[in-house]
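Overview (structure and organization)
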Amino acid sequence: MAYPGVLERYRSYLDIPEHTKTVTLLEGDTPLIPMPRLAEELGGGFELFVKYEGLNPTGSFKDRGMTVAISEAYGRGAKAVICASTGNTSASAAAYANRAGMKAVVIIPEGKVAAGKLAGAIAYGAQVVQIRGSFDDALTLVMKISDQHPIVLVNSLNPYRLEGQKSSAFEICDVLGAAPDILCLPVGNAGNITAYWMGFRQYNERNKTGLPQILGVQAAGSAPLVLGHPVDNPETVATAIRIGKPARGEQALEAAEESKGKIIARSDEDILYMQQRLAANGVWVEPASAAGLAGLKAEIEAGTLDVQGKRIVAICTGHGMKDPDIIVKQMTTPEVVDANLQALEEVLIK
Ligand code: AN7
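Because the structure is a prediction, the values reported are computed rather than measured. (Residues numbered from 1 in each chain as written. Predicted model: local features only at pLDDT ≥ 70, side-chain atom pairs only at ≥ 80, totals over all residues. Heavy atoms only, no water.)

A few points about the site of the ligand
Lining the immediate surroundings of the ligand are 22 residues, of which Asn88, Thr89, Asn189, Ala190 and Thr317 lie closest. The separation between an oxygen atom of the ligand and a polar main-chain atom of Ala190 is 2.8 Å. Side-chain polar atom of Thr317 to a nitrogen atom of the ligand: 2.6 Å apart, as the coordinates give it. Of all the secondary-structure elements, those providing two or more residues to the shell around the ligand are helix H4 (88-99) and helix H9 (191-207). In the shell around the ligand, the residues fall into 8 nonpolar, 12 polar and 2 charged. (Near = heavy atom within 4 Å. Polar contact = N/O pair within 3.5 Å; in protein donor to acceptor, adjacent residues only side chain to side chain. Helix = DSSP H or I, 4+ residues; strand = E, 2+ residues; numbered from the N terminus. Nonpolar A, V, L, I, M, F, W, Y, C, P; charged D, E, K, R; others polar.)

Description of helix H11 (residues 249-258)
Taken together, the buried positions of H11 are Gly249, Ala252, Ala255 and Ala256. Here the buried residues of H11 occupy an arc of 120 degrees about the axis, which is enough to place them on one side. Away from the buried face of H11 by more than 90 degrees, exposed residues Glu250 and Glu257 are located. Looking one or two places after H11, you find Lys260, whose phi comes out positive at around 60 degrees. (Buried < 20%, exposed > 50% of the residue type's maximum accessible area, 1.4 Å probe, protein only. Arc of directions from axis to C-beta.)

A look at the pattern of salt bridges
Here the idea is simple: oppositely charged side chains can pair when their charged atoms come close. Taken as a whole, this structure holds 18 salt bridges when the rule is applied. Note that Glu8 and Arg11 form a salt bridge whose closest N and O atoms lie 3.1 Å from each other. Residue classification places Arg11 among the partly exposed residues on the basis of a relative accessible area of 32%. In this structure, Glu72 and Arg76 form a salt bridge, with 2.7 Å as the shortest nitrogen-oxygen distance. Take Glu72: its relative accessible area is 3%, and that puts it in the buried class. The exposure class assigned to Arg76 is partly exposed, which follows from its relative accessible area of 46%. Overlapping salt bridges bring together Lys51, Glu53, Arg64 and Glu171 as one network. (Salt bridge = Lys/Arg side-chain N within 4 Å of Asp/Glu carboxyl O.)

Details of unusual backbone geometry
The phi dihedral of Ala190 is positive, around 75 degrees, even though this residue is not glycine. When you line up the elements, Ala190 lands in the loop between strand S7 (182-186) and H9. For Lys260, which is not glycine, the phi dihedral falls at a positive 60 degrees. Residue placement: Lys260 occurs in the loop between H11 and strand S9 (262-266).

A closer look at the packing of helix H3 (residues 62-75) against H4
Interhelical geometry of H3 versus H4 gives an angle of 40 degrees and a closest axis separation of 9 Å. Accordingly, the angle class assigned to the pair H3 and H4 is oblique. As H3 packs across H4, the resulting crossing turns out to be right-handed. Listed contacts from H4 to Lys62, Asp63, Met66, Thr67 and Ile70 of H3 are Asn88, Thr89, Ser92, Ala93, Tyr96 and Ala97. Taken together, the residues of the contact of H3 with H4 break down into 5 nonpolar, 4 polar and 2 charged. (Axes fitted to C-alpha atoms, helices over the stretch in contact; angles between N-to-C directions. Parallel < 35°, antiparallel > 145°, perpendicular 65-115°, else oblique. Left-handed = near helix turned anticlockwise from the far one by under 90°. Contact = heavy atoms within 4.5 Å.)

Observations concerning the environment of Tyr74
By secondary structure assignment, the location of Tyr74 is in helix H3. Take Tyr74: its relative accessible area is 32%, and that puts it in the partly exposed class. The spatial distance from the C-alpha of Tyr74 to the C-alpha of Ile172 is 29 Å, given a sequence separation of 98 residues. Among residues more than four places away in sequence, those in contact with Tyr74 are Lys21, Val23, Ala100 and Met102.

Some details on the packing of helix H12 (residues 268-280) against helix H13 (residues 291-302)
Closest axis-to-axis distance for the H12/H13 pair is 8 Å, and the angle between their directions is 105 degrees. With respect to H13, the axis of H12 lies roughly perpendicular. Seen from H12, the contacting residues are Asp270, Ile271, Tyr273, Met274 and Leu278; seen from H13, they are Ala291, Leu293, Ala294 and Lys297.

Encoded structure:
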């Protein structure tokens, strides 16, 4: 049978109502890429894989949850959806809503959304509104609006988003034959870490696949779960996780505790370093997506996480092409030469 997307593939594991009508772009089934050279770089002695979620249809893991949230809303005849977003959710909501012939409204923090995400939301046909405020302000507003008007909230407060996002945990278990020993991933609004923990527990109950320790990683300038209180003016180069008041914060802390893992923070410098090392190993991700591995590196160096003989999966949540500016800002402009052999040889050989 041709691949049907995450909702149909894992339907029996998803808690969704009868009226759900599948709207899919055949998201999911992303590669679990072995990273032996990067594992050696980090000290070796363990197996490392990247789950490359940037290869979803709109370039991020958000498509897994969005297919289910939109399918539910569409199935009960909803005409419009709304979300607050640091970028990826907006592009995904726009794509799936428009595919179903529904309207998508996305509210984003002015000037803080990476170019590839904003372009995506516009290209897929959303009504995009920028606010003079943060993601957290935008989320507060869309919660109020969806309360008072017939428009469906598709942030991860919507439980169907999490139902869909569980599918990545299922895929990892299906490919490896069991859950990994350690799972590391970035944490922003904390829906994804919550969904992974739900997914691994559910798969373990039915299929005895075991449970991973979960290492959640925030950006240091935007680390409410590490600090233990909301952050009013979060700042980080990893704009995807520039979130000061995570909607699923409590559940994220529970996932870390119950799995005997933890939630830590890494600096922008560490995150960008890991983005570069991933790209040097053939996997270009956006900055936020490198946070999980930046956290793993720090834990290994500090000797605070036992990795010997373990199998580790790092979730890389979004594609590098989402945020081209961050690369362009760091690099020197490529050389320009005349279009002749001699000129080219001169710059190649020097
Ligand atoms: C690439 O798009 O919140 O902890 O509005 O885009 O589930 O929020 C994005 C989050 C990690 C964090 N990596 O996931 C949004 C948004 C990338 C992301 C996260 C996001 P959550």
